[in-house]
Amino acid sequence: MVVFALFIISKAGGLIYNREFHTGLTKLTSNDYLMLAGSFHGMHAITKQLCPVPPVPANPASTAPSLAPSPFASRPSGLEVLESTHFRMQCFQTLTGVKFLLFTEPQQPNIDAMMRRIYELYSDFVMKNPFYTVEMPIRCEKFDRGLDGFVKVRS
């Protein structure tokens, strides 16, 4: 199976990281990458607003104390997967609003586990880097090497 590319989009909609792992996607200019990230950010925000609200379960009257409801249980998610005959784009949004877009073959298995591992690499090598400024482009060799090692094993 093939992983084509990874984009990381800041909570403001700016492209802060893009990496192509395998040829197969059309080559774009840097301006096209920025426009793609901004367009996806807008579509994600719109689909998040269109997401239906799940029904609230009725709480039967009881004498036992109940826990406060989680603010994240019914949070709308927006666009998560876009699939065509040639590629699949999976989106993972963190609680801080950073979006990870992974472009793979449509039949790629275990994409959720891959996204979790990529997020772990991001947390370990980018967010714990004292020289990294949030919302700025990611330039971290350890993150690049970790991604290379993880993606090459999977492909």
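The coordinates are above.
Report follows, based on the coordinates. Per chain, the residues get numbers from 1 upward, laid out in the order the sequence is written. Owing to the predicted nature of the model, reporting of local features is limited to residues with pLDDT of at least 70; listing and counting of side-chain atom pairs is limited to 80 or more, with chain, interface and lining totals taken over all residues. No hydrogens and no water enter the side-chain calculation; it runs on all heavy atoms of the structure.

### Some points on helix H2 (residues 111–127)
Each helix is a run of H or I in the DSSP string that is no shorter than four residues. Each strand is a run of E no shorter than two, and both are numbered from the N terminus. Multiplying 1.5 Å by the residue count of a helix minus one yields the expected span of that helix. Helix length check: H2 (17 residues) gives 22 Å between terminal C-alpha atoms against 24 Å at 1.5 Å per residue, within 8%. Along H2, the positions that sit buried rather than exposed are Ile 111, Met 114, Met 115, Ile 118, Leu 121, Tyr 122 and Val 126. Looking straight down H2, one finds that the buried residues subtend no more than 120° of arc, so they occupy a single side. Burial classes follow relative accessibility: with a 1.4 Å probe on protein chains only, a residue under 20% of its type's maximum area counts as buried, one over 50% as exposed, and anything between as partly exposed. When we speak of the arc, we mean the arc of directions from the helix axis to the C-beta atoms.

### A look at the sheet that holds strand E3 (residues 81–83)
One requirement defines pairing of two strands: DSSP has to find at least two bridges between them. Read across the sheet, five strands follow the order E2-E1-E5-E4-E3 without closing on themselves; strand pairing throughout is antiparallel. Where the open sheet ends on each side, the last strands, each with one partner, are strand E2 (15–20) and E3. Each adjacent strand pair in this sheet contributes to an overall mean axis angle of 10°, direction not counted. Alignment of strand E1 (residues 3–9) against E2, held across five bridges, turns out to be antiparallel. Within E2, the position partnered with Leu 6 by the bridge is Arg 19. Against the sheet, H2 contacts E1, strand E4 (88–93) and strand E5 (99–104), and its axis sits at roughly 130° relative to E5. An axis is simply a line fitted to the C-alpha atoms; with a helix, the fit covers only the stretch in contact. Between two such axes, the angle follows the N-to-C directions and lies from 0 to 180 degrees. Contact definition: two residues touch when any of their heavy atoms are within 4.5 Å.

### Overview of the environment of Asp 124
Considering the arrangement of structural elements, one finds Asp 124 in helix H2. Residues Asp 124 and Gly 146, spaced 22 residues apart in sequence, show a C-alpha to C-alpha distance of 10.0 Å.

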